[in-house]
Amino acid sequence: MTPDEYCKDKAAKSGSSFYYSFMFLPPQKRQAITALYAFCREVDDAVDEIADPDVAAKTLAWWRTEIEQTFNGSPTHPVGKSLKTALEHFELHQEYFLEIIDGMEMDLQQHRYPAFKHLALYCHRVASVVGLLAAEIFGYQNRKTLKYAEKLGLAFQMTNIIRDVREDAERGRVYLPQEDLDRFHVNIDDILALKQTPELTALLQFETERARQFYQEAKAALPAEDRFNQRTGLIMSAIYEATLDELEKEGFQVMQHRISLTPLRKLWLAWRTARKEKKHAP
């Protein structure tokens, strides 16, 4: 298996909405974004799949070294080797990869967030920075597109947090800010006990409106001349916003079961959005 095949397999097996948006990219950009996504999966899995925090921390430290070696031209991991190919064609900043690892390390050190401003830092590191790297791969003419990418990453991460309340609680993590829990009278012990309460439902509705605001701000910041190049992000946005709609339709019953879109619906949303953006391409 080649490094690129390894990354493609990693992305496909994840079942992520991101995978469907990559299908509509030309080969060089698809190779680079798949390598970036595989890197994100590797460091995320280091935190989520490794039970021993010390081992997880050492794994992240290893990835810091691997990123340094990748940028020096001597990677050892298939993902690093695939990223090395991407670096030959796109200007991807090393500090962004390290900042993503910083965000993953927060999961080892912090399981609660006092206020949204603290959560926003986490979201920036694990999602907005990924958006900035992706924007470089997709291409842009106007630097305002970077603001779009940053906001869109924040919107994506907020959507993940809303959808994954149960899975995160099972790992002892509560990303919903304490100030919001207090405002809606949500007992954090109920979340950790996986209880679906009316107060939690009201809070998730509030967070959904916050996420939708970020989607609006992101799309408003995207310059017209960069829409077609950035269509992959718009495809992901369509899928993620549909996920929010589905969560709301099912009354935010996130403690009962995982609410998600079917692969067929994701593929249809991806095709429809790509077709729409192609019609408006310059």
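What counts, and at which threshold
- Residues numbered from 1 in each chain as written.
- Predicted model: local features only at pLDDT ≥ 70, side-chain atom pairs only at ≥ 80, totals over all residues.
- Heavy atoms only, no water.
- Helix = DSSP H or I, 4+ residues; strand = E, 2+ residues; numbered from the N terminus.
- Buried < 20%, exposed > 50% of the residue type's maximum accessible area, 1.4 Å probe, protein only.
- Lys, Arg positive; Asp, Glu negative; His and termini not counted.
- Salt bridge = Lys/Arg side-chain N within 4 Å of Asp/Glu carboxyl O.
- Polar contact = N/O pair within 3.5 Å; in protein donor to acceptor, adjacent residues only side chain to side chain.
- Contact = heavy atoms within 4.5 Å.
- Phe/Tyr/Trp six-rings, centres within 6.5 Å; stacked < 30°, edge-to-face > 60°.
- 1 Å grid on protein atoms, 1.4 Å probe; cavity = no way out; pocket = protein on both sides within 12 Å on 5 of 7 lines; lining within 4 Å.
- Points joined across faces, edges and corners; volume = space filled by probe spheres on them.
- Axes fitted to C-alpha atoms, helices over the stretch in contact; angles between N-to-C directions.
- Parallel < 35°, antiparallel > 145°, perpendicular 65-115°, else oblique.
- Left-handed = near helix turned anticlockwise from the far one by under 90°.
- Nonpolar A, V, L, I, M, F, W, Y, C, P; charged D, E, K, R; others polar.
- Core = buried A, V, L, I, M, F, W, Y, C linked by side-chain atoms within 4.5 Å.

**Description of the side chain of Glu 66**
- Relative to the assigned elements, Glu 66 resides in helix H4 (residues 53-71).
- Here Glu 66 sits buried without a salt bridge, and the closest side chain of opposite charge, Lys 81, lies 7.7 Å off (N-O distance).
- Within the local environment of Glu 66, its side chain forms a polar contact with the side chain of Thr 76, the two groups lying 2.8 Å apart.
- The contacts of Glu 66, once residues within four sequence positions are left out, are Pro 75, Thr 76, His 77 and Gly 80.

**As for the side chain of Thr 232**
- For Thr 232, the position within the fold is in helix H13 (residues 231-249).
- Relative accessible area serves as the criterion here: at 1%, Thr 232 is assigned to the buried category.

**Points about the packing of aromatic side chains**
- The full count for this structure, using the stated rule, is 12 aromatic pairs.
- Where Phe 71 meets Phe 97, the ring centres are 5.7 Å apart and the plane angle is 65°; that geometry is what we call edge-to-face. Linking Phe 71 in helix H4 with Phe 97 in helix H6 (residues 94-109), this pair joins segments that are 26 residues apart in sequence.
- A relative accessible area of 1% places Phe 97 in the buried class.
- With 5.2 Å between their ring centres and 25° between their planes, Tyr 122 and Tyr 175 make a pair best called stacked. Residue Tyr 122 is located in helix H7 (residues 116-138), and its partner Tyr 175 is located in the loop between helix H9 (165-170) and helix H10 (178-183); the two are separated by 53 residues in the primary sequence.
- Since its relative accessible area comes to 6%, Tyr 175 is described here as buried.
- A connected cluster of aromatic rings, assembled from ring pairs, spans Phe 39, Trp 62, Trp 63, Phe 71 and Phe 97.

**What about the environment of Phe 116?**
- Structurally, Phe 116 is set in helix H7.
- Residue classification places Phe 116 among the buried positions, given a relative accessible area of 15%.
- The sequence separation of Phe 116 and Leu 269 amounts to 153 residues, and the corresponding C-alpha distance is 31 Å.
- In contact with Phe 116, other than residues within four places in its own chain, are Leu 154, Met 158, Pro 177, Glu 179, Arg 210 and Phe 214.

**A closer look at the layout of surface pockets**
- The computed volume of the second largest pocket comes to approximately 220 Å³.
- What lines the second largest pocket is Asp 4, Cys 7, Lys 8, Tyr 19, Phe 22, Met 23, Pro 27, Arg 30, Gln 31, Thr 34, Ala 35 and Ser 82.
- Looking at the lining of the second largest pocket, the elements that each hand over two or more residues are helix H1 (3-14), helix H2 (17-22) and helix H3 (27-48).
- Counting residues per element, the lining of the second largest pocket draws most heavily on H3, which supplies 5 residues.

**So, the environment of Ile 162**
- Summarising the element assignment, Ile 162 is placed in helix H8 (residues 144-163).
- Its relative accessible area of 0% is what places Ile 162 among the buried residues.
- When the C-alpha atoms of Ile 162 and His 93 are compared, they prove to be 30 Å apart, with 69 residues separating the residues in sequence.
- Excluding its chain neighbours within four sequence positions, the residues that come into contact with Ile 162 are Leu 204, Glu 207, Thr 208, Ala 211, Leu 244, Leu 247, Phe 252 and Val 254.

**Notes on the packing of H7 against H8**
- Two elements in contact, H7 and H8, have axes separated by 7 Å at closest approach and are oriented at 125°. Our classification of the angle between H7 and H8 gives oblique. With respect to the hand of their crossing, H7 and H8 are arranged in right-handed fashion. In this structure, H7 uses Phe 116, Leu 119, Tyr 122, Cys 123, His 124, Val 126, Ala 127, Ser 128, Gly 131, Leu 132, Ala 135 and Glu 136 to contact H8, whose residues at the interface are Leu 146, Ala 149, Glu 150, Gly 153, Leu 154, Gln 157, Met 158 and Ile 161.
- When grouped by side-chain class, the residues that make up the contact of H7 with H8 number 13 nonpolar, 5 polar and 2 charged.

**What about the nonpolar core?**
- Core analysis: the largest hydrophobic core is formed by 82 residues, its most contacted members being Phe 39, Ile 100, Leu 119, Met 158, Leu 176 and Ile 191.
- The biggest single contributor to this core is H7, with 14 residues.
- Not counting the four nearest positions on each side in its chain, Leu 176 is found in contact with Tyr 113, Ile 161, Val 165, Leu 181, Ile 191, Leu 200, Leu 203, Leu 204 and Glu 207.

**Digging into the pattern of salt bridges**
- In the structure shown here, the tally under the stated rule is 23 salt bridges.
- A salt bridge links Arg 64 to Asp 102, with the shortest nitrogen-to-oxygen separation between them at 2.4 Å. Remark: Asp 102 occurs in helix H6 and Arg 64 occurs in helix H4; sequence separation between them is 38 residues.
- Classification of Asp 102 by relative accessible area gives partly exposed; the value is 25%.
- In this structure, the salt-bridge partner of Glu 248 is Arg 212, at a minimum N-O distance of 3.0 Å. Remark: Arg 212 occurs in helix H12 (residues 198-221) and Glu 248 occurs in helix H13; sequence separation between them is 36 residues.
- Given a relative accessible area of 16%, Arg 212 falls into the buried group.
- Via salt bridges that share partners, Lys 10, Arg 41, Glu 42, Asp 44 and Asp 45 belong to a single interconnected network.

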